[in-house]
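Below, each chain spelled out in residue letters.
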Amino acid sequence: MIVSTSRKSERLSLHGLWSSRTAFVLAATGSAVGLGNIWRFPYVAGENGGGIFVLLYVACIFLIGIPIMMTELMLGRRGRRNPLDTMRLIAVEERHSPHWVWIGRTAMLAGLLILSYYSVIAGWIMAYIFRTAGGVFHGMQDATEFEAIFSALIVDPERLIAWHSIFMVLTVAIVAHGIERGLERAVKIIMPALCFILLLLLLYAATTPGFIAGLKFMFSPDISKLNSTSVLFAMGMAFFSLSLGTGAIMMYGSYLPKGGSIGGMAVAVALADTLIALLAGVAIFSIVFANGLEPTAGPGLVFITLPVAFAKMPMGTLIGVLFFILLLFTALASAIALLEPWVAWLVENKNQGRIQAACICGLVVWILGLGTVFSFNLWADYKWTFPVDLGRVRYVLFEDKTFFNVVDFLTSNILLPLGGLLTALFTGHLMRRQSCQDELQIGSKTFNLWYFVLRNISPIAVGIVFLHAVGVFKWVGIG
Ligand code: TRP
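Residues numbered from 1 in each chain as written. Predicted model: local features only at pLDDT ≥ 70, side-chain atom pairs only at ≥ 80, totals over all residues. Heavy atoms only, no water.

**Describing the pattern of salt bridges**
Item 1. Enumeration according to the criterion identifies nine salt bridges in this entry.
Item 2. With its nearest N and O atoms 2.9 Å apart, the salt bridge here joins Glu439 to Arg77. Placement of Glu439 in helix H18 (residues 433–440) and of Arg77 in helix H4 (residues 51–79) is noted, with a sequence separation of 362 residues between them.
Item 3. The class of Arg77 is buried, set by a relative accessible area of 0%.
Item 4. Put simply, Arg159 and Asp156 hold a salt bridge, and the shortest N to O gap is 3.0 Å.
Item 5. Using a relative accessible area of 42% as the deciding quantity, one classes Arg159 as partly exposed. (Salt bridge = Lys/Arg side-chain N within 4 Å of Asp/Glu carboxyl O. Helix = DSSP H or I, 4+ residues; strand = E, 2+ residues; numbered from the N terminus. Buried < 20%, exposed > 50% of the residue type's maximum accessible area, 1.4 Å probe, protein only.)

Here it is as structure tokens:
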């Protein structure tokens, strides 16, 4: 009775709670699984040496991803607010400077920037639902024809803007109506269906002559391809894929009912996410090799390889349409999680209604997204280079990048690791050990392991990656 009353008052005191732990795991998995797994992971792996990248990626998930996910969930559940106020509140409660609010700030900025290009890419998915359903790819043989269709789409800013707008309207509409019930129900159907279609795709890939080459590319690490940038990208990808460093996991943690261990939930989300990325990678690279495509094709990779597979397999049109629809839904589940922290912040601080708050945030993201739209057409030749000149210290932070590349680089390689580093330092070194133990509610052995990794391994690993990203090693002449 007491429990149910306190749960009830907890429910009333905030914008909602997950109905169960399973619901939370599903929603968090819905946010983690998205374009990152199926669109970004394969092309980043392709550009960064295949197997060696995959190995580093999996290592990053376990060594850095899971401990930081547990940390974010713990902070969120304790703070019970949007990430910005959560960080301020906990810092003050733990008798530290309120300036730790900057963790929340960088995280939320990263989320906004990611969503701005995520929406544009989700727009490509929508376009591909219609292209596949309309039979555009039917009977096509040659990979170059598929490439041509993709290029025709991205060179057209009007189309891209139209799809980007539709996706943002959908996201805003869902977030405006509150997310718990709708989202929970939706992911319960979407995730199993996506896995099923991914398995079908994998079965098809296994029948192609590229399957062995695909497996080799993914799972046989070639140490000679190991370089500092692949480490950097693997770590950025792990953060991106687990939705870390954007405040989203902290936000979802704030909707968790008090009590119950956080460790198992984080592991479940991370495993599901990794498995889906790996399965998608095997399927996509098999098709790449079977059709003489290049694994290093960049952001267009899945938009060329998947239609090739759908055009060739039995019932390919149906499977293709279903696949892109599911991908759209997983992208929506991620987009919602990206927008939520901002909406919660506006609602909690600026006294705004949810609908208005969602519209304002959506508009800001939409405008930022135009930069990504134009990166593929009007501004494609406009490359940004950022030289840093601090007197004796001179280096180039990034070079020859389109607006989209800059936003991607800035978020994945700078903001997300920076947020992760600060979170690990704050929690591992400044928060009281007892506060962490009370909130995490995991067994003492697991706790000790988590605490050790978070204090020692995560900050050093993320720190090195971050320093590398901002070019510090170039100053001192290594790397
Ligand atoms: N994890 C998502 C994906 O793999 C992308 C993403 C990055 C994200 N950061 C996020 C989603 C924060 C939700 C919240 O596609």
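The rest of the description comes next.
**Focus: helix H2 (residues 21–32)**
Item 1. Look at H2: 16 Å from first C-alpha to last across twelve residues, which is about the 16 Å you get at 1.5 Å a residue.
Item 2. The buried count for H2 comes to ten of twelve residues, which makes it a mostly enclosed element.
Item 3. Looking only at H2, the buried set comprises Ala23, Phe24, Val25, Leu26, Ala27, Ala28, Thr29, Gly30, Ser31 and Ala32. (Expected span 1.5 Å × (residues − 1).)

**Side note on the packing of aromatic side chains**
Item 1. One pass over the structure, following the stated rule, counts 32 aromatic pairs.
Item 2. Put simply, the rings of Tyr117, Trp124, Tyr128, Phe137, Phe146, Phe150, Phe303, Phe310, Phe323, Phe324, Phe376 and Phe404 touch in pairs and so form one group of aromatic residues.
Item 3. A cation sits over an aromatic face here: Arg40 above Phe240, 4.5 Å from the ring centre.
Item 4. Between Arg105 and the ring centre of Trp102, over which it is positioned, the NZ or CZ distance is 4.7 Å. (Phe/Tyr/Trp six-rings, centres within 6.5 Å; stacked < 30°, edge-to-face > 60°. Lys NZ or Arg CZ within 6 Å of the ring centre and 35° of its normal.)

**Focus on the nonpolar core**
Item 1. Trp39, Trp124 and Phe323 are the most contacted members of the largest nonpolar core, which totals 174 residues.
Item 2. When residues in this core are grouped by element, the largest group, 18 residues, is from helix H15 (residues 316–349).
Item 3. Setting aside residues up to four positions removed in sequence, Trp124 forms contacts with Trp39, Phe150, Leu153, Ile154, Leu160, Pro299, Phe303 and Phe376. (Core = buried A, V, L, I, M, F, W, Y, C linked by side-chain atoms within 4.5 Å. Contact = heavy atoms within 4.5 Å.)

**Quick word on the site of the ligand**
Item 1. Within the structure, the ligand sits among 15 residues, and Ala32, Gly36, Tyr118, Phe240 and Ser243 are positioned closest to it.
Item 2. Between an oxygen atom of the ligand and a main-chain N or O atom of Gly36, the distance comes to 2.7 Å.
Item 3. Interatomic distance of 3.3 Å between a side-chain N/O atom of Asn37 and an oxygen atom of the ligand.
Item 4. Computed on the free molecule, the ligand has an accessible area of 350 Å², of which 100% lies beneath the protein chains in the complex. (Near = heavy atom within 4 Å. Polar contact = N/O pair within 3.5 Å; in protein donor to acceptor, adjacent residues only side chain to side chain. Areas by Shrake-Rupley, 256 points an atom, 1.4 Å probe, with all protein chains shown as cover.)

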